[in-house]
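Summary of the model geometry
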Amino acid sequence: MTTTSTTSAPAEVELAIGGMTCASCAARIEKKLNRMEGVTATVNYATEKAKVSYAADVSVPELIATVEATGYTAREPEPVRAEPAPGAQGAGPADELRPLRERLITAVVLAVPVIAMAMVPALQFEYWQWLSLTLAAPVVTYAAWPFHKAALTNARHGAATMDTLISVGTSAAFLWSLWALFFGSAGMPGMTHPFELTIARSDGAGNIYLEAAAGVTAFILAGRYFEARSKRKAGAALKALLELGAKDVTVLRDGHEERVPVGELKAGDRFLVRPGEKIATDGTVVEGTSAVDASMLTGESVPVEVGVGDGVTGATLNAGGRLVVEATRVGADTQLARMARLVEDAQNGKAAAQRLADRISGVFVPVVIALALATLGFWIGNGSGLTAAFTAAVAVLIIACPCALGLATPTALMVGTGRGAQLGILIKGPEVLESTRKVDTVVLDKTGTVTTGRMTLLAVHTAGNAEEGEVLRLAGALEHASEHPIARAVAAGATERVGALPAPEDFANVPGLGVQGVVEGHAVLVGREKLLAEWAMELPAALARAKAEAEAAGRTAITVAWDGEARAVLEVADAVKDTSAEAIARLRALGLTPVLLTGDNEAVAHSVAREVGIDAEHVVAEVMPEDKVDVVKRLQDEGRSVAMVGDGVNDAAALAQADLGLAMGTGTDAAIEAGDLTLVRGDLRAAADAIRLARRTLGTIKSNLFWAFAYNVAALPLAAAGLLNPMIAGAAMAFSSVFVVGNSLRLRGFRAAD
């Protein structure tokens, strides 16, 4: 993906980074790259990619070498393809999770009995400590290996992260336990951990800390696994976008039809698109007329009429007649592929989600290690002996080891996301939550989000002695024979209001104008006013006025005539959802400013905005997908924190660019994967509930993190003074963990707004 330049402008490359375990890893790589002359880099921990701008005298291998010298891996990722590569959908993400899942299962199965024996005196049989050692050893070595490996890598580069603290703490607990078992008195038959919450100096020879080593490993692995599961979907938006396209296409060659994979299509090839099929690639119509449903790409709710000479876009749906299209852009040059790159750029351009624990660890970890060394030095220098000095130093590391911290984020997230799922709200990961607190502007896509996303018959205006039921029966019968989306809306509305429809005779489609035929002995015309004009019919003043008012409101007006006289005007539009106005009022109550963003025309946009209560100055209409991203960026440049709610492919890039993306679950996979929150019900009111739940969950995580550290920090002076009884340390860890879990469980009481 390296680009070359004919001027002095810097080139750009995107590197896939491997080996990062926390946000501080991304910061360190970014710092190293930016120290290179002529290099500007941003590293995204969430997507595991680095976007690097570099001068002509710097090469990509040099950039990769710098990353590798920092202790991580780097490579140029595969370029965005216009179609999925054969076998591309595979086990890559699953393979990445498998070893972590195996380590987690091992840790949980073996750690539970170790913790139980250490904390329940009744389970401490004569040689229980040796069984604890047997069970804890695989946890501390095999299961905890990722932490040890990361700590070694960090140490080689003079850095310390939470991995360092976990590795040092669990190793210290395990090694001290080994010493106590083999060289101290802890290995004697009948040794117990008594229930004595006393503060007294101990030489540590009779104490083991295996439950701390095994428990911390299991808890932290659980957190890492849930984090990895959310991160594995980072590229799913791109895959969902690319899979929207047609997989194969009917190419016309030498007068014959030949079905070939889309990847074999070349610019200049002519291909056939039958009604109901997806258009294979961008091109120009050379034969036929039809209505093309481009709403998934453009957001335009009304299908576009196309004929010879008109351009069409790949992945849009041919909703009408037979088309022959000449391919103009294929592969990575198509609009669909460009949109995929927009999503990728938007994801990579986000600031890395800085975990609260990682930010604190930047100070906490070095301080704890320094305190442990100072404690060791003090007691040795004080003449207390090596045993007492090491007991105090190890106690500092153990009490600082973040047992409850391993539960703080995953438990709150699991309870919050579980409750959200019951309410139709899916939260992707903990990094999503930080965005909800700052959001002050919510951008709403119109089609499928504020509106139903499908054409609906809204009103019937009649003239003369025509009755509404008769109009719907005759017009609906004729439209029922058509495949056009507007015709289907009329037919569905007619069926709903008057019941079964008669069968038409002599039905004919008039391309671009409407339909005609005979229904119950009447010669009926349904379509544009121009169709009636061709039969020398004019609209009466009342119908002409109704038509003008409908079009001014952004609706589609359809004229109906029979037996030589114009009888009615039907209004069809993408109807506003019943709950949208209430939803927008709830969003305002949360302190958010709603903005309506749509690819539809100005009249439609302002009509919908008035109906749901959005101010006219906050309406942005007639925008293409690229423009939606630009609108979000412009709002962000104004200092706003932006949430985006959308459901279509055209929204995917904007959802990824926004500080918080909320995807309607009734929409496309591309939008759902690009969003941070998914509203399963497709009800916009759930957007307000989602933000409330996310903010509540974030608050719970913050309080969990505070108490997880508070217990440790409060006990550090006791540990440094050599006064920390092992039972107190175990009780403090257990109580902090119980507190964190209990605090998280309060989220089960979250209720959606009435």
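On a predicted model such as this, the values are computed, not experimentally measured, just so you know.

Reading guide: rules and limits
Residues numbered from 1 in each chain as written. Predicted model: local features only at pLDDT ≥ 70, side-chain atom pairs only at ≥ 80, totals over all residues. Heavy atoms only, no water. Helix = DSSP H or I, 4+ residues; strand = E, 2+ residues; numbered from the N terminus. Contact = heavy atoms within 4.5 Å. Areas by Shrake-Rupley, 256 points an atom, 1.4 Å probe, with all protein chains shown as cover. pLDDT = per-residue confidence, 0-100. Patch = residues over 30% accessible without salt bridge, like charges linked within 9 Å, V, L, I, M, F, W, Y side chains within 5 Å. Salt bridge = Lys/Arg side-chain N within 4 Å of Asp/Glu carboxyl O. Buried < 20%, exposed > 50% of the residue type's maximum accessible area, 1.4 Å probe, protein only. Phe/Tyr/Trp six-rings, centres within 6.5 Å; stacked < 30°, edge-to-face > 60°. Pairing = 2+ DSSP bridges. Expected span 1.5 Å × (residues − 1). UniProt positions renumbered as here; feature names shortened; annotations may be inferred. Axes fitted to C-alpha atoms, helices over the stretch in contact; angles between N-to-C directions. Parallel < 35°, antiparallel > 145°, perpendicular 65-115°, else oblique. Core = buried A, V, L, I, M, F, W, Y, C linked by side-chain atoms within 4.5 Å. Polar contact = N/O pair within 3.5 Å; in protein donor to acceptor, adjacent residues only side chain to side chain.

Thoughts on the overall build of the protein
Each helix and strand in the protein was counted, giving 26 helices and 26 strands. Contacts in the protein between residues far apart in sequence, at least 24 positions, make up 70% of those at least 6 positions apart. Roughly 31,300 Å² of accessible area belongs to the protein as shown, and the carbon and sulfur atoms make up 56% of that amount.

Description of the confidence of the model for the protein
Per-residue confidence for the protein gives a mean pLDDT of 79, with 80% of residues at or over 70. Within the model, pLDDT remains below 50 along residues 1–7, and this stretch shows 14 contacts once partners closer than five positions in the same chain are excluded. This model gives residues 80–94 a pLDDT under 50, and the stretch forms 19 contacts once residues within four places in sequence are excluded.

With respect to a nonpolar patch on the surface
Residues Phe-125, Tyr-127 and Leu-131 make up a contiguous nonpolar surface patch of about 290 Å² in total accessible area. Along the polypeptide, Phe-125 turns up in the loop between helix H3 (92–119) and helix H4 (128–143). By relative accessible area, which is 44% here, Phe-125 ends up partly exposed.

What about the side chain of Ser-177?
Topologically, Ser-177 is positioned in helix H6 (residues 162–182). When neighbours within four sequence positions are excluded, Ser-177 is seen to be in contact with Ile-208, Tyr-209 and Leu-210.

So, the packing of aromatic side chains
Geometry of an aromatic ring pair is reported as the spacing of the ring centres plus the angle between the planes. Summed over the entire model, instances satisfying the criterion amount to three aromatic pairs. With 5.3 Å between their ring centres and 75° between their planes, Trp-130 and Phe-182 make a pair best called edge-to-face. Taken together, the positions of Trp-130 in helix H4 and Phe-182 in helix H6 put the pair 52 residues apart, joining distant regions of the chain. Look at Phe-182 and you get exposed, because its relative accessible area is 52%. Centre to centre, the rings of Phe-378 and Trp-379 are 5.2 Å apart; their planes meet at 80°, and the pair counts as edge-to-face.

A closer look at the sheet that holds strand S13 (residues 323–329)
Strand order across the open sheet formed by six strands is S6-S5-S7-S13-S8-S11, with antiparallel pairing between neighbours. Pairing within the sheet leaves two strands with one partner each, and these edge strands are strand S6 (256–261) and strand S11 (311–312). Taken together, the six bridges between strand S5 (residues 248–253) and S6 define a ladder with antiparallel strand orientation. Within S6, the position partnered with Val-251 by the bridge is Glu-258.

A few points about helix H16 (residues 468–480)
Taking 1.5 Å of rise per residue, 13 residues should cover 18 Å, and H16 covers 17 Å from first to last C-alpha, within 8% of that figure. Restricting attention to buried positions, one finds in H16 the residues Val-471, Leu-472, Leu-474, Ala-475, Gly-476, Ala-477, Leu-478 and Glu-479.

Some details on the UniProt feature "transmembrane region" (unreviewed entry) in the protein
Following the UniProt record, the feature "transmembrane region" (unreviewed entry) maps to residues 104–121, 127–145, 165–188, 208–226, 360–380, 386–409, 705–721 and 727–745 here. Along residues 127–145 one finds 89% helix and 0% strand; the C-alpha atoms at either end are 28 Å apart. A helix fraction of 94% and a strand fraction of 0% characterise residues 705–721, whose end C-alpha atoms lie 25 Å from each other.

Some details on the packing of H4 against helix H5 (residues 145–156)
Relative orientation of the contacting elements H4 and H5 amounts to 45°, with a least axis distance of 5 Å. Considering the angle they form, H4 stands oblique to H5. Between H4 and H5, the residues in contact are Val-140, Thr-141, Tyr-142 and Ala-143 and Trp-145, Pro-146 and His-148, respectively.

Things to note about the nonpolar core
Of all hydrophobic cores here, the largest spans 54 residues; its most connected members are Ile-208, Leu-210, Leu-221, Val-368 and Val-396. Among the secondary structure elements, those contributing two or more residues to this core are H3, H4, H6, helix H7 (210–231), helix H11 (356–381), helix H12 (386–400) and helix H25 (685–720). The element that contributes the greatest number of residues to this core is H7, accounting for 10 residues. For Leu-221, the contacting residues outside a window of four places in its chain are Leu-100, Arg-103, Leu-104, Ala-107, Ala-143 and Phe-147. Within the second largest apolar cluster, 47 residues are counted, among which are Val-450, Ala-605, Ile-614 and Leu-660.

Quick word on the pattern of salt bridges
A full pass over the atoms with the stated rule returns 25 salt bridges. For Glu-551, the salt bridge is made with Lys-547, and the minimal N-O distance between the two is 3.0 Å. Here Lys-547 and Glu-551 lie together in helix H19 (residues 541–552), a separation of four residues that amounts to about one turn. Relative accessible area serves as the criterion here: at 38%, Glu-551 is assigned to the partly exposed category. Two residues, Arg-640 and Glu-638, come together in a salt bridge whose shortest N-O distance is 3.6 Å.

Some words on the sheet that holds strand S1 (residues 11–18)
Read from one edge of the open sheet, four strands run S2-S3-S1-S4, paired in antiparallel fashion. Edge positions in the sheet fall to strand S2 (39–44) and strand S4 (73–75), since each of these pairs with one other strand and no more. With direction set aside, neighbouring strand axes in the sheet form an average angle of 25°. The sheet contact formed by S2 and strand S3 (residues 49–54) spans six bridges and is antiparallel. Along S3, the bridge assignment pairs Ala-41 with Val-52.

A short note on the side chain of His-484
Along the chain, His-484 turns up in the loop between H16 and helix H17 (485–498). For His-484, a relative accessible area of 17% puts it in the buried group. For His-484, the side chain forms a polar contact with the main-chain nitrogen of Ile-486, separated by 3.1 Å. What His-484 contacts, discounting residues up to four positions off in sequence, is Ala-291, Pro-303, Glu-305 and Ala-319.

Brief notes about the pairing of S13
Relative to S13, strand S7 (residues 270–273) is paired through four bridges, and the arrangement is antiparallel. By the bridge assignment, Phe-271 is partnered in S13 with Val-325. Alignment of strand S8 (residues 282–287) against S13, held across five bridges, turns out to be antiparallel. Its bridge partner being in S13, Gly-283 is matched across the sheet by Ala-327.

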